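Chain by chain, the residues run as shown.
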Amino acid sequence: MCEDFFKNKELKTDFLTGLYTRDVIVDYAKHLLGQSSNFSLALIDIDNFKNVNDNYGHTVGDHVISFMADKLKESFGERGVVGRFGGDEFMVVIPEIIDYDAVWSLLREVHKAVDGISPPKIANLYLTCTFGLSRCPTDAKDYDSLFELTDKALYRGKIKGRNCFIIYLESKHKNIQLHSADDTTISSMQMHTQIFRFLTSAPHIADGIKDLLLFLGSNLMIDHIGIQTRDGLYFSQIHSLSSSQNFKSIKDSFFLDNVSPSMGIYNINDINHLADIGQKNVMTECREQGIKSSLYAAIRFNDEFFGCVRADSTSTARIWQYKDMDLLITAANAIGMSLHYQNKTLKDL
């Protein structure tokens, strides 16, 4: 079927990457639909690409897109046709492969090939991607429906923390609502309001903190969230889907000592990188608890420091998004304010 579409045709390619353009790759998917062929449709985003343009400039940004395009084309090889869908997003049509295990193995292989790669001559820039995929006819039998389900899978990967691949499953992803930029802004405003509501409406501050952490853990898909102090771990909330249940206080003070004085936050996307900065003992502690990445947000008010809201990911290394950091910082500050005005410490609770 691939040969039928591409044979004797002069098809447009993207000037930057050399990949087929959006029109071509979409037409190819529709061609397969017209032939009643089995295939999978994938969307792939370069994670946090805006930061690349902001920090390195658009020339480097173009280089990154071209570099990733080459890597994706090389990794899929003859198994998938890669096109540039737009910006930093790619669409891949994978003929004939729709068995779940086969698709999973392919995506795992390609994801591993592009996980943490660095473009030549650009120091300290490590790239990752998020993949979303749906299958025809398993999930849908027309292009618009198939694309929507693929987009839902990609969106699920983004809100999960990026740097992962998601294969659409109706039982898990059917009710995902895709949000516009305006919807996202409204949702963020509602989340901030809800943070303060938990702490101001509960009869006791301990109840408010517990409910707040449960709310954040569920909405942000955080495997474990709690409050870490030098004395211990308080108010642990473990997500039902967490691959680990063994959370305890991190004895080493490394995280607490490295919280940014200005932003009040410290995060590490991949615990394995702790070894690179001479913190093997901390890495070992985290590994014993099944932790792949962590974020610490300081609970403070003026000069008072109470501890940190601690968030852990266990299923995969997680790239902490700005919107998630913002909510966790807000929650930590709100807890600090509540403790201050009620003249309490965490031990009092």
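Keep in mind it's a predicted model, so treat the numbers as computed, not measured.

### Some details on the sheet that holds strand β5 (residues 165-167)
- The five strands lie next to each other as β2-β3-β1-β4-β5, forming an open sheet whose pairing is mixed. The sheet is open, and its two borders are formed by β2 (81-86) and β5, each paired with just one other strand. Adjacent strand axes in the sheet meet at a mean angle of 20°, parallel and antiparallel pairs treated alike.
- One ladder, built from five bridges, connects β2 with strand β3 (residues 89-95); its direction is antiparallel. Directly across from G86, in β3, lies its bridge partner E89.

### Quick look at the pattern of salt bridges
- With the rule as written, the count across this model stands at eight salt bridges.
- Here D23 makes a salt bridge to K12, at a shortest N to O gap of 3.6 Å. One end of the pair, D23, is in helix α2 (residues 22-34); the other, K12, is in the loop between α1 (2-6) and α2, and eleven residues separate them in sequence.
- Here D139 ties to R135 by a salt bridge, and the two come within 3.9 Å at their closest N and O atoms.
- Taking relative accessible area as the criterion, R135 reaches 7% and is therefore assigned buried.

### Topic: the environment of P119
- Inspection of the secondary structure assignment puts P119 in the loop between α5 (100-114) and β4 (129-136).
- Residue class for P119 comes out buried when judged on its relative accessible area of 3%.
- Through-space distance from the C-alpha of P119 to that of N48 is 15 Å; in sequence the pair is 71 residues apart.
- P119 has contacts with H63, V64, F67, L125 and L127, leaving out every residue within four places of it along the chain.

How each quantity is defined
Counting of residues starts from 1 at the beginning of each chain's written sequence and follows it residue by residue. A pLDDT threshold of at least 70 governs which residues receive local features in this predicted model, and a stricter bar of 80 or more applies before side-chain atom pairs are shown or counted, although totals over entire chains, interfaces and linings include all residues. Side-chain numbers come from the whole structure's heavy atoms, not from hydrogens or water. Paired strands, as defined in this entry, are two strands with at least two bridges between them according to DSSP. Strands are runs of DSSP state E lasting at least two residues, helices are runs of H or I lasting at least four, and both sets are numbered from the N terminus onward. Angles run from 0 to 180 degrees between N-to-C directions of axes, and those axes are lines fitted to C-alpha atoms, restricted for helices to the stretch in contact. Salt bridges are defined by distance alone: a side-chain nitrogen of Lys or Arg within 4 Å of a carboxyl oxygen of Asp or Glu. A simple rule labels every residue: compare its accessible area, found with a 1.4 Å probe on the protein chains alone, to the largest value its type can have, and call it buried under 20%, exposed over 50%, or partly exposed in between. Contacts were defined at the residue level, with two residues in contact if any of their heavy atoms lie within 4.5 Å.

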